[in-house]
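The chain contents come next:
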Amino acid sequence: MLRLVQGRVAFPLTCSARRGTLTPAQVPYLLGESTTTIKTSLAQARAVLNGDFGFASPFATDSVGFAAGSEYRKYRASQRSDTLAQTAGELGGAGGAAPNVDGGYEVVEGFGEIIAPLVQDKPFFQSLTLEVGGRYSHYKVLVPTSPTYNTTTYKAGGSWEPVVGVKLRGNYQRAVRAPNISELFSPLTTGLTNLATDPCAGTAPVSNVVLRNVCVAQGAPVSTIGTIQADPAGQPNVTTGGNLNVRPEKSDSYTFGVVLQPTQLIPGFSVTVDYYNIKVKGAISSQTPDDAINACFGPSLSAASATSAACTVIRRNPATGNLYGDSATTPGLFSPLSNLGQIKTDGIDLGINYRRDIGFAKMALSFQGNWTHDSKFQATPTSINRECTGYYSVSCASIQPEFYWNTRATFTFADSVDVSLMWRHIDGVKQEPYDVTDGSGPAFAGTFGGDTVNFGRIKAHDYFDLTTRIAVAENFDFTVTVQNLLDKEPPIVGSTVGSTSYNSGNTYPSTYDALGRRFAVGARLHF
């Protein structure tokens with residue numbers, strides 16, 4: 001039964017009601033319209049000077065090149081929602097309101113870059129090149145107090161080609177990402193998050209005085225102790241929003257790689273291998289639901305927890321003690337944005353290309369693959385440093401498999417017909433071990449819909465796409481594409497094992513093909 005409210009009058013509506021039982025007062029709530037208007041603008045001015053200095057290294061023939069310039073950008077954005085969209089739980093599928101947002105910021109930058117060929121056409125030095133650059137940025141947030149901050153980014157890299165067809169390359173870079181308008185200006189609102197468990201649920205607080213006092217300090221009435229329930233949908237309330245105090249996050253990254261093009265031995269063949277290591281400090285992020293719960297109810301739970309900020313910032317339903325309910329009275333978990341996060345990832349990218357004329361057709365083979373060693377996220381200095389490579393959970397974002405690759409074979413006939421087959425591989429993944437032992441608990445495994453399932457593990461997936469291009473005329477191409485040629489179904493993992501930002505419709509549609517086999521037809525006219 002749904003209870004729909006108009007003004008001060010509630011009209012109950014039973015979803016299984018018989019035809020003809022809806023009253024005129026109930027119908028408008030099923031047909032209500034809502035509008036949210038979003039506007040964005042960007043004003044930009046840029047000046048660049050590039051060329052060379054007119055001189056070269058004593059061991060090179062090419063001159064030292066440069067680029068320098070300045071840029072101004074002004075960003076503004078607003079979101080205007082009507083009353084229905086601003087009312088939590090009335091319209092949005094996430095249970096939260098779509099608040100009004102209005103803000104902007106501007107940035108003035110100066111930058112420079114130098115590319116210097118140091119050695120060319122010498123024994124063991126077909127080329128040796130150095131590249132350096134830097135950028136200084138001044139940000140101003142467009143609010144009455146006009147807060148400002150400055151950032152400096154820089155890079156240094158180079159490449160060495162000892163002999164023709166072999167190149168070694170490396171690069172170091174300090175980069176920043178400034179907070180966007182939503183991260184700065186969105187007001188605090190209460191919506192839904194993902195959490196399968198609640199330490200205050202069940203009978204545990206009845207016999208544990210410390211736990212009971214914490215639950216009561218969070219707003220649970222004493223009379224509800226022993227009857228508090230975890231949200232059956234696994235979606236308790238959370239209060240979050242932007243923060244005008246967040247500053248740009250900084251990253252340090254370096255890469256090392258090799259490029260092989262043995263044109264004399266294997267014409268048309270090339271290989272690139274690159275190792276990357278990226279670390280983000282002061283990441284603009286918020287606590288995961290598990291982190292928010294563990295900050296209060298973790299191993300440090302004690303009598304003092306009833307007055308600690310990590311516990312009292314969680315606010316429960318004043319009637320039931322649950323973490324779910326009307327957002328106006330139940331803020332739930334508290335997870336605002338901050339610069340306390342840290343992200344780290346490293347791995348290897350591999351690229352292979354081969355082209356050859358095989359007589360009846362021209363063949364082109366390509367492979368792009370990745371091995372991820374680490375993909376870690378720590379929301380705060382006291383939070384768990386989570387390893388999410390090969391895992392999925394409420395606290396891990398989009399799935400990052402350890403291995404994935406795309407490989408394509410293309411055959412061109414008479415320069416007028418292309419037939420191309422792509423193979424996409426996604427390595428198998430499983431539920432995050434910490435989520436199993438200290439978070440949501442083991443995902444469901446058993447019989448579901450007549451099938452034996454294990455929501456805690458996803459097998460490797462392979463997809464095949466077929467594309468055919470026909471040059472109908474000199475300037476007209478016709479293309480037919482079949483994606484997911486074998487109509488492979490997406491994995492089913494239920495709706496509570498991951499964040500609804502990624503785990504939607506009982507699967508991960510941003511990672512796996514949720515639509516099945518589909519066809520696309522296109523035409524291109526070029527002059």
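See the structure printed just above.
Read on for a plain summary of the structure. (Residues numbered from 1 in each chain as written. Predicted model: local features only at pLDDT ≥ 70, side-chain atom pairs only at ≥ 80, totals over all residues. Heavy atoms only, no water.)

We now examine unusual backbone geometry. Even without being glycine, D121 reaches a positive phi, approximately 55°. Looking at where D121 falls in the secondary structure, it is placed in strand 5 (residues 101–122). Its identity as a non-glycine residue notwithstanding, F124 has a phi of 65°, on the positive side. Position of F124 relative to the elements: it lies in the loop between strand 5 and strand 6 (125–141). Since its relative accessible area comes to 61%, F124 is described here as exposed. (Helix = DSSP H or I, 4+ residues; strand = E, 2+ residues; numbered from the N terminus. Buried < 20%, exposed > 50% of the residue type's maximum accessible area, 1.4 Å probe, protein only.)

Once that is clear, we can look at the layout of surface pockets. Over the atoms rolls a probe the size of a water molecule, and in doing so it shows where empty space is left. By volume, the second largest pocket amounts to about 410 Å³. In this structure, the second largest pocket is lined by 17 residues; those nearest its centre are V453, H461, P490, P491 and I492. Element by element, the count of residues in the lining of the second largest pocket is highest for strand 22 (residues 451–454), at four residues. The residue inventory of the lining of the second largest pocket, partitioned by class, reads eight nonpolar, four polar and five charged. (1 Å grid on protein atoms, 1.4 Å probe; cavity = no way out; pocket = protein on both sides within 12 Å on 5 of 7 lines; lining within 4 Å. Points joined across faces, edges and corners; volume = space filled by probe spheres on them. Nonpolar A, V, L, I, M, F, W, Y, C, P; charged D, E, K, R; others polar.)

Next up on the list: empty space enclosed by the protein. Inspection of every chain in the model, using the stated rule, returns one cavity of 30 Å³ or more. Within this model, the largest cavity holds a volume of roughly 40 Å³. For the largest cavity, the full set of lining residues is L195, T197, D198, Q229, A230, D231, P236 and L323. Each residue belonging to the lining of the largest cavity can be placed in one class, and the counts come to four nonpolar, two polar and two charged.

Turning to helix 6 (residues 289–297), a few remarks are in order. With respect to burial, helix 6 is a largely interior element, seven of its nine residues being buried. For helix 6, every residue scored as buried is listed here: P289, D290, D291, A292, I293, C296 and F297. Buried positions along helix 6 lie against helix 5 (209–217), helix 7 (309–312), strand 13 (333–334), strand 16 (386–387) and helix 8 (433–438). (Contact = heavy atoms within 4.5 Å.)

The next point concerns the sheet that holds strand 23 (residues 457–458). Pairing is mixed across the open sheet formed by three strands, whose spatial order is 17-20-23. Edge strands, defined here as strands with exactly one partner in the open sheet, are strand 17 (391–392) and strand 23. Pairing of strand 17 with strand 20 (residues 429–431), which is carried by two bridges, proceeds in the parallel orientation. Its bridge partner lying in strand 20, Y391 is registered against K430. (Pairing = 2+ DSSP bridges.)

Along the chain, D418 turns up in strand 19 (residues 417–426). We classify D418 as buried; its relative accessible area is 16%. In terms of polar contacts, D418 uses its side chain to reach the side chain of R469, at 2.8 Å. When residues no more than four places from it in sequence are discounted, the contact partners of D418 are T410, F411, T412, T467, T468 and R469. (Polar contact = N/O pair within 3.5 Å; in protein donor to acceptor, adjacent residues only side chain to side chain.)

Every buried residue of helix 5 is listed here: L211, V214 and C215. Across the axial projection of helix 5, the buried residues extend over an arc of 100°, all falling on one side. Close packing links the buried residues of helix 5 with helix 4 (204–207), helix 6 and helix 7. At the C-terminal side of helix 5, G219 shows a positive phi close to 110°. (Arc of directions from axis to C-beta.)

To continue, consider the nonpolar core. Judged by nonpolar contacts, the single largest core of 18 residues is most densely connected at V214, I293, C296, F297, I314 and L333. Among the elements of the structure, helix 5 and helix 6 are those that each provide at least two residues to this core. If we skip the residues at most four places from it in the chain, I293 touches L195, P199, G298, L323 and L333. Core analysis: the second largest hydrophobic core is formed by 15 residues, A77, Y105, F185 and V246 among them. (Core = buried A, V, L, I, M, F, W, Y, C linked by side-chain atoms within 4.5 Å.)

What follows is about a nonpolar patch on the surface. Together, F53, F55, I114, L118, L130 and V132 make up an exposed nonpolar region whose accessible area comes to about 480 Å². At the level of elements, strand 3 (36–56), strand 5 and strand 6 are the ones that each hand at least two residues to the nonpolar patch. If you trace the backbone, F53 turns up in strand 3. (Patch = residues over 30% accessible without salt bridge, like charges linked within 9 Å, V, L, I, M, F, W, Y side chains within 5 Å. Areas by Shrake-Rupley, 256 points an atom, 1.4 Å probe, with all protein chains shown as cover. Salt bridge = Lys/Arg side-chain N within 4 Å of Asp/Glu carboxyl O.)

What follows deals with the side chain of E161. Looking at the element boundaries, E161 is found in strand 7 (residues 148–163). If we ignore the near neighbours within four places in the chain, the residues touching E161 are F124, F125, Q126, S127, V166 and K167.

Here we come to the state of the cysteines. Disulfides are covalent bonds that connect the sulfur atoms of two cysteines. In this structure the tally under the stated criterion is three disulfides. There is a disulfide in this structure between C296 and C311, and the S-S distance comes to 2.1 Å. Here C296 and C311 share a disulfide; its torsion about the S-S bond, 105°, makes the bridge right-handed. In this pair, C296 sits in helix 6 while C311 sits in helix 7, placing the two residues 15 residues apart along the sequence. Note on C296: relative accessible area 1%, which makes it buried. What makes C311 buried here is its relative accessible area of 2%. A sulfur-sulfur distance of 2.0 Å marks the disulfide that ties C388 to C396. (Disulfide = S-S within 2.5 Å.)

In space, the three strands of this open sheet follow the order 9-10-13, with mixed pairing throughout. Edge strands, defined here as strands with exactly one partner in the open sheet, are strand 9 (189–192) and strand 13. Bridge count between strand 9 and strand 10 (residues 237–240): four bridges; the pairing is antiparallel. Note that in strand 10 the partner of T190 across the bridge is T239.

With that out of the way, let us pick up the environment of A85. Position of A85 among the secondary structure elements: in helix 2 (residues 83–86). When its relative accessible area of 8% is taken as the criterion, A85 is described as buried. Placed 15 residues apart in sequence, A85 and N100 show a C-alpha to C-alpha distance of 9.6 Å.

This part covers the pairing of strand 21 (residues 445–448). Direction of pairing for strand 21 relative to strand 22: antiparallel, over a ladder of four bridges. Within strand 22, the residue paired with F448 across the bridge is D451. The antiparallel pairing of strand 21 with strand 22 creates a hairpin that spans two residues between the two strands, and G449 there sits at a positive phi of about 60°.

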